[in-house]
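Breakdown of the fold
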Amino acid sequence: MPAPVDATIQAGRMAALLPSLPLETRCPPLPLRRYNGFWLPEAVLTELPAIHARLRPRPSDIFLASFPKSGTTWLKALAFATVHRARHPPSGADHPLRRMNPHECVRFMEMDPELRRDASSLLEEFEELDSPRVLGTHLPYCLLPDSIAGEAAGSRIMYVCRNPKDAFVSGLFFVKKVSSAYGAGAGAGAQSLSLEEAFELFCEGRLFAGPQWKHVLQYWEASMRRPKQVLFLEYERMLRDPKATVKKLAEFMGCGFSKEEEEGGVVDEIVKLCSLKELKNMEVNKSGGNQAGVRNEAYFRKGSSGDWRNHLTPEMAARLDKIVEDALQGSGFAFVDDAIM
Ligand code: A3P
């Protein structure tokens, strides 16, 4: 196996570069720096060189990518349940999703949710996983290693996007809920962040992995360029037809359902197992949490489309719509703006 020769050099370069990058501290709980046009936690940027040098993608790998609060948890549950259905039948009483939060079943490759572990130790764990591995990421497409995003890369990426207004509202609720896990200073910052202040930061793209629309657009373009490697999903369309979504995921991952499975109700069982209602009511998601104190229940709220109407003024909505419309102009992509409550 080739040694990761340039990991140290690149890490050194990143360490030297980091303090000179634009800094954003108003977006709790983590300080962000702008790198390649995206705002990311310093802790993630610090680990980026190690990920690029040491992650060894396998052709069978499936990467689940998203901007935060866009349906990541749901996609993780659906992909995991689908790809491992032979080993773990979805109707089984001991299915891993009945014992573990979807984020434990499918880990983020660049971090633990609490960013308290370095990438190197995570990468070692990933090497131990059986194929096909399913891993999550919030990294923008342009910061993925070439071994995943390069034209010759063999692994597959499934990306889920969500209407920016709903992603914003969902994110604000989440940050307030988990803030205490990040220590007194950052936690207090999140608690006191007003809707208006948070909205301003969102519109400026100054939050974890922002600007949201740019994150989405890069994956959309990649899915147009490399349709066999990148599947682009929309949370709103998933809500409209979860069964069709599961079938689409399975086909893309190379494990389409047989006629017998379909007739036997396997697709319906996966949809049910991964539904918000079912996951939210599981004991592990009601009472469990991670080591940093983030409660699993924080990942499950309304699961609707169009909830922004309950929180944003028409003026706020129009302002964000205009920013997004301008940014997407000429791309051929537009966000779904459903109201499915
Ligand atoms: P809301 O806050 O609007 O309810 P992420 O998983 O990327 O963090 O996104 C979180 C959003 O997905 C939350 O949206 C959450 O309720 C919703 N969600 C979580 N699990 C879901 C599921 N099984 N089905 C549908 N939506 C789900």
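Model, not experiment: these values are computed from the prediction.

So, on to the pairing of strand 4 (residues 62-66). Buried residues dominate strand 4, accounting for five of its five residues. Across the two faces of strand 4 the burial is the same, with I62, L64 and S66 and F63 and A65 all buried. Examined bridge by bridge, strand 4 and strand 5 (residues 134-137) share four bridges and lie parallel to one another. Each bridged residue has a counterpart across the sheet, and for A65 the counterpart in strand 5 is T137. With five bridges connecting them, strand 4 and strand 6 (residues 156-161) associate as parallel partners. Considered in strand 6, the bridge of S66 is made with V160.

Residues S131 and P132 are joined by a peptide bond in cis, for which omega reads -5°. As for its position among the elements, P132 is in the loop between helix 6 (119-128) and strand 5. Of the consecutive residues G210 and P211, the connecting peptide bond is found in the cis state with omega at 0°. Within the secondary structure, P211 is located in the loop between helix 10 (195-203) and helix 11 (212-225). Phi at N36 is positive, roughly 50°, even though this residue is not glycine. Relative to the elements of secondary structure, N36 occurs in the loop between strand 2 (32-35) and strand 3 (38-41). Assessed through its relative accessible area of 46%, N36 is described here as partly exposed.

Within the largest apolar cluster, 61 residues are counted, with the highest numbers of intra-cluster contacts made by M109, L144 and I157. The biggest single contributor to this core is helix 11, with six residues. Every residue in contact with I157, bar those within four places of it in the chain, is listed here: F63, A65, Y141, L144, I148, Y219, Q229, V230, L231 and F252. If you look at the next biggest cluster of nonpolar residues, it comprises 42 residues, including L97, V160, M238 and V267.

Turning next to the site of the ligand. Around the ligand, 18 residues are found, and the nearest of them are K69, T72, T73, S170 and K302. Take S70: an N or O atom from its main chain is 2.9 Å from an oxygen atom of the ligand. In this structure, an oxygen atom belonging to the ligand sits 2.7 Å away from a main-chain N or O atom of G303. For the ligand, the accessible surface in isolation is 560 Å², of which the surrounding protein chains cover 97%. Mapped by element, the contributors of at least two residues to the shell around the ligand are helix 3 (72-83) and helix 16 (276-280). The element contributing the most residues to the shell around the ligand is helix 3, with three residues. The residue inventory of the shell around the ligand, partitioned by class, reads seven nonpolar, seven polar and four charged.

Scoring rules and cut-offs
- Residues numbered from 1 in each chain as written.
- Predicted model: local features only at pLDDT ≥ 70, side-chain atom pairs only at ≥ 80, totals over all residues.
- Heavy atoms only, no water.
- Buried < 20%, exposed > 50% of the residue type's maximum accessible area, 1.4 Å probe, protein only.
- Helix = DSSP H or I, 4+ residues; strand = E, 2+ residues; numbered from the N terminus.
- Pairing = 2+ DSSP bridges.
- Core = buried A, V, L, I, M, F, W, Y, C linked by side-chain atoms within 4.5 Å.
- Contact = heavy atoms within 4.5 Å.
- Near = heavy atom within 4 Å.
- Polar contact = N/O pair within 3.5 Å; in protein donor to acceptor, adjacent residues only side chain to side chain.
- Areas by Shrake-Rupley, 256 points an atom, 1.4 Å probe, with all protein chains shown as cover.
- Nonpolar A, V, L, I, M, F, W, Y, C, P; charged D, E, K, R; others polar.

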